[in-house]
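Listed here are the chains, written in short residue letters.
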Amino acid sequence: MVLNRLNKPSDGDIVVPQRATSVIGTTSWAVEDPDLITIPAAHVERMISQGEQLLPVVKKVPMRAKMAVARPLIATTGTDARELSRTFECFDHVRDGVRGFVTITGGKTTTARAMAERVADIVCQKLDIKSECRTRDVLLSSYRLFFAKQNLLKKTSPMLSTG
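Residues numbered from 1 in each chain as written. Predicted model: local features only at pLDDT ≥ 70, side-chain atom pairs only at ≥ 80, totals over all residues. Heavy atoms only, no water.

A. Quick look at the overall build of the protein chain. In terms of helices and strands, the protein chain carries 3 helices and 5 strands. Long-range pairs, those at least 24 residues apart, make up 37% of the contacts in the protein chain with a sequence separation of at least 6. Taken as a whole, the protein chain presents about 12,800 Å² of accessible surface, with 57% of it coming from carbon and sulfur. (Helix = DSSP H or I, 4+ residues; strand = E, 2+ residues; numbered from the N terminus. Contact = heavy atoms within 4.5 Å. Areas by Shrake-Rupley, 256 points an atom, 1.4 Å probe, with all protein chains shown as cover.)

B. Representation of the sheet that holds strand E2 (residues 14–18) in the model. The antiparallel open sheet is built from 3 strands, whose spatial order is E1-E2-E3. Strands at the two margins of the open sheet, each flanked by one partner only, are strand E1 (3–4) and strand E3 (21–25). Note: E2 against E3, 5 bridges, orientation antiparallel. From the neighbouring strand, Gln 18 faces E3, where its bridge partner is Thr 21. Running over the sheet, helix H1 (residues 41–54) touches E1, E2 and E3 and is turned about 110 degrees from E3. (Pairing = 2+ DSSP bridges. Axes fitted to C-alpha atoms, helices over the stretch in contact; angles between N-to-C directions.)

C. Summary view of the side chain of His 93. With respect to the helices and strands, the residue His 93 is situated in the loop between strand E4 (88–92) and strand E5 (102–106). Excluding residues within four positions of it along the chain, His 93 makes contact with Val 98, Phe 101, Val 102 and Thr 103.

Remember, this is a structural readout, not a statement about activity or role.
See the structure below:
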């Protein structure tokens with residue numbers, strides 16, 4: 001079950017189950033390079049402190065990971081990021097004279113599956129594919145499995161190694 005303070009967006013106001021763990025969030029700050037995000041220690045401490053207020057057991061369990069995601073929020077200039085909607089939008093660029101190009105922007109980690117479903121529906125419609133979306137029902141493998149397989153390939157196939 002999701003626990004949420006149900007107040008204006010602020011730091012540490014939600015605990016979301018994610019597979020066999022829980023995510024405490026959120027926090028917000030501007031980054032210079034979305035490909036290289038350094039997570040401030042003070043933000044982690046604040047998430048744990050706020051998470052404990054929602055769910056006291058947080059202080060008794062070990063932290064498994066820290067995560068930061070850069071997301072392009074949909075905004076007009078000069079708007080405070082905390083006040084921006086976390087919704088997402090899909091754009092079919094045929095309206096701009098570009099065929100075969102769809103953009104999805106906005107959203108957040110907890111809406112990623114719904115975002116994938118929406119953009120897949122648009123692409124399938126454009127390609128005249130009649131298939132019901134299964135993202136709601138298909139459990140994806142952990143990203144750890146992908147990297148474990150890559151490491152195994154490098155060890156067993158020296159020709160594939162880049163090092």
